[in-house]
Amino acid sequence: QVQLVESGGGLVQAGGSLRLSCAASRNLDVMGWYRQPPGKQRELVASITSGGTIYYADSVKGRFTISSDNAKNTVYLQMNSLKPEDTAVYYCWTYQYRNVWGQGTQVTVSS
């Protein structure tokens with residue numbers, strides 16, 4: 001199969017920024033980021049294809065930027081203007097191999 005390893009989570013104050021990284025064990029055509037806030041269901045926040053097609057959830061559009069380095073099998077999520085409601089466990093994801101998630105990285109935004 002494929003393994004996904006996230007990094008870059010942490011604690012940040014409202015208005016701050018974080019950059020998440022996800023390294024895949026093999027080349028993938030589609031990668032993205034889900035998040036699961038406390039007490040809520042997991043939701044897709046952004047995705048990108050090897051051809052450059054990008055999706056953002058409305059809640060993060062204009063604040064988050066997804067990018068990828070296909071040569072490194074790596075996807076990034078730059079998160080700016082963070083809000084307390086962005087607090088969640090963030091999971092790297094691909095729908096290939098019948099959906100695969102990374103282990104998750106905690107992002108906490110304090111008010």
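For the structure, check the block above.
So, here's what we can say about the structure.

1. Structural notes on the sheet that holds strand S7 (residues 64-69)
- In spatial order, the strands read S1-S3-S8-S7; together these 4 strands make up an open sheet with antiparallel pairing. For this open sheet the edge positions go to strand S1 (4-7) and S7, each flanked by a neighbour on one side alone. With strand direction ignored, the average angle separating the axes of adjacent strands in the sheet is 15°.
- Here 6 bridges tie strand S3 (residues 18-24) to strand S8 (residues 74-79), and the two strands are oriented antiparallel to one another. Of the residues in S8, the one forming a bridge with Ser 21 is Tyr 76.

2. Some details on the environment of Tyr 95
- Relative to the assigned elements, Tyr 95 resides in the loop between strand S9 (88-94) and strand S10 (100-101).
- Judged by relative accessible area, which is 48%, Tyr 95 ranks as partly exposed.
- Spatially, the C-alpha atoms of Tyr 95 and Gly 8 are 22 Å apart, while their sequence positions differ by 87 residues.

3. Digging into the pairing of S7
- The pairing of S7 with S8 spans 6 bridges and is classified as antiparallel. Looking at S8, one finds that Ser 67 is bridged to Tyr 76.
- Hairpin connection between S7 and S8: a loop of 4 residues separates the two successive antiparallel strands, and Asn 73 in this loop has a positive phi of roughly 55°.

4. Topic: the state of the cysteines
- A complete count under the given rule lists 1 disulfide for this structure.
- Note that Cys 22 is cross-linked by a disulfide to Cys 92, the S-S spacing being 1.9 Å. Residues Cys 22 and Cys 92 are joined by a disulfide whose S-S torsion is about -85°; by sign, that bridge is left-handed. Separated by 70 residues along the polypeptide, Cys 22 in strand S3 and Cys 92 in strand S9 bring together distant segments of the chain.
- Relative accessible area serves as the criterion here: at 0%, Cys 22 is assigned to the buried category.

Calculation rules
- Residues numbered from 1 in each chain as written.
- Predicted model: local features only at pLDDT ≥ 70, side-chain atom pairs only at ≥ 80, totals over all residues.
- Heavy atoms only, no water.
- Pairing = 2+ DSSP bridges.
- Helix = DSSP H or I, 4+ residues; strand = E, 2+ residues; numbered from the N terminus.
- Axes fitted to C-alpha atoms, helices over the stretch in contact; angles between N-to-C directions.
- Buried < 20%, exposed > 50% of the residue type's maximum accessible area, 1.4 Å probe, protein only.
- Disulfide = S-S within 2.5 Å.

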